[in-house]
Each structure stands twice: as structure tokens, then as C-alpha cells.
Amino acid sequence: MVLVLLCMVGLLSGCTINGTRIVFKEPKVNKPEYIFQVNEATCSAAMTRLFMANYRNLYGKIAGLNLWKNEEEAGLLEEYVKEITLSELSRMFCMNQLATKKQLSLNEKELSLVQKAAKEYYSSPSQQVVQTVGVPEESGKEAYCLHAVARHLYSLMPAGID
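Residues numbered from 1 in each chain as written. Predicted model: local features only at pLDDT ≥ 70, side-chain atom pairs only at ≥ 80, totals over all residues. Heavy atoms only, no water.

### Observations regarding the nonpolar core
Inference 1: The biggest cluster of nonpolar side chains holds 31 residues, and the ones touching the most others in it are Phe36, Met47, Leu50, Phe51, Leu89 and Phe93.
Inference 2: Elements with a contribution of two residues or more to this core: strand E3 (34-38), helix H2 (45-60), helix H3 (71-101), helix H4 (108-123) and helix H6 (137-156).
Inference 3: Broken down by element, this core gets its largest block of residues, 9 residues, from H3.
Inference 4: Filtering out sequence-adjacent residues up to four positions away, Phe51 remains in contact with Thr85, Leu89, Met92 and Ala143. (Core = buried A, V, L, I, M, F, W, Y, C linked by side-chain atoms within 4.5 Å. Buried < 20%, exposed > 50% of the residue type's maximum accessible area, 1.4 Å probe, protein only. Helix = DSSP H or I, 4+ residues; strand = E, 2+ residues; numbered from the N terminus. Contact = heavy atoms within 4.5 Å.)

### Quick notes on the packing of aromatic side chains
Inference 1: A complete count under the given rule lists 4 aromatic pairs for this structure.
Inference 2: Of the aromatic side chains, those joined through ring pairs into one cluster are Tyr121, Tyr122 and Tyr144. (Phe/Tyr/Trp six-rings, centres within 6.5 Å; stacked < 30°, edge-to-face > 60°.)

### Examining the side chain of Thr85
Inference 1: For Thr85, the position within the fold is in helix H3.
Inference 2: Assessed through its relative accessible area of 0%, Thr85 is described here as buried.
Inference 3: Once residues within four sequence positions are removed from consideration, Thr85 is found in contact with Thr48, Phe51, Met52 and Tyr55.

### Description of the pairing of strand E4 (residues 41-44)
Inference 1: Here E3 pairs with E4 via 4 bridges, running antiparallel. Within E4, the position partnered with Phe36 by the bridge is Cys43.
Inference 2: In textbook terms, the turn of a hairpin is the stretch between consecutive antiparallel strands, and for E3 and E4 this stretch comprises 2 residues, one of which, Asn39, has a positive phi near 55 degrees. (Pairing = 2+ DSSP bridges.)

### Digging into unusual backbone geometry
Inference 1: Even without being glycine, Asn39 reaches a positive phi, approximately 55 degrees.
Inference 2: Considering the arrangement of structural elements, one finds Asn39 in the loop between E3 and E4.
Inference 3: Given the relative accessible area of 22%, Asn39 is considered partly exposed.
Inference 4: For Gln103, which is not a glycine, the phi torsion comes out positive at approximately 60 degrees.
Inference 5: Note on placement: Gln103 falls in the loop between H3 and H4.

### Looking at H2
Inference 1: For H2, built from 16 residues, the straight-helix expectation of 22 Å at 1.5 Å per residue is met to within 8% by its first-to-last C-alpha distance of 21 Å.
Inference 2: Buried within H2 are the following residues: Ala45, Ala46, Met47, Thr48, Arg49, Leu50, Phe51, Met52, Ala53, Tyr55 and Gly60. (Expected span 1.5 Å × (residues − 1).)

### Comments concerning the pattern of salt bridges
Oppositely charged side chains are able to pair whenever their charged atoms sit close together.
Inference 1: Under the defined criterion, the tally for this structure stands at 3 salt bridges.
Inference 2: Its salt-bridge partner being Glu88, residue Arg91 comes within 2.7 Å of it at the nearest N-O pair. With Arg91 and Glu88 both in helix H3, this residue pair falls 3 residues apart, about one helical turn.
Inference 3: When its relative accessible area of 26% is taken as the criterion, Arg91 is described as partly exposed. (Salt bridge = Lys/Arg side-chain N within 4 Å of Asp/Glu carboxyl O.)

### Quick look at the environment of Ala117
Inference 1: Checked against the element boundaries, Ala117 lands in helix H4.
Inference 2: When its relative accessible area of 25% is taken as the criterion, Ala117 is described as partly exposed.

Structure, rendered in C-alpha cells:
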């Protein structure tokens, strides 16, 4: 599953939009490379596996049906999971770059809550699949922070941040 995603990402290239550089890197086998880069921020293969595992769980069962059992549906679903993973991760990384540019960050209370949520996530029995695909807890904490900053920035946008 992960190798297929890595191969797919290798087909993509980079670009610059309004001064923000976005690069999708061709991963090297057996090297802990990043999957894509937004300016200087890089998305690791571990974080990508974390999000893929979560989306796979989220979209794998609908109305009590296990969509992974049917080969045809599983193939379509796998492609969708790859696309949504890259889309959501790149959106969050771009939002975090904007937050950095606007000098926005989590306060100590928010950071503490994020750390607590990440710890609970990793200790829950339902997250064994994440541990199985080799995602270190530190990547989970980073993912929670990334998501929290992006949500924080979204909440400020209607208030007039540009």
C-alpha cells in the first residue's frame, strides 16, 4: 500500500505559487525521505503512512460493509485514499506555512491539549494499525500539531486574516 503511494507521488512534480515552493519528491527505497515539501517544511513518509492508515480505516467500512473485501472496490478505494491523503496533508502544510508567515502558533494550553490528544490516540487499542505500519509516536504528535494549527488558522479567516 505504502509503496504504491510512494510510486504515485514520484510521478508528481513541484511548482511555485505566490512565492511558496511545493515539491513532490520521488522517494528512494529504504531511505526515510520526505513525500513532499512546502517551502522548507517536509512531510515525512511516516506522517503519510499515519494519515493513510486513518483514512483507510475511515473509508473502509460504510454502513456495515467492508469495502476492502471486493477487489474492484478495494482498488478504487485505495486510489481515493491516496488522493485524499496527499490532498489533506498538502493543505495542512500550506496552512501551516501561512500561519508561520502570519506569526500564528498554538499557545501553551493548546499545545498541551494537542500533546495529550496524541498520547491518547497512540494508547488506544483501535490504533494498532498505525503502530503496525511503523509510525513513531513523535510523528503522531507532529500530525496533531499540524492539524491544530491549520484549524486555528481556518477559524481566524472569517475574522479578516488575509
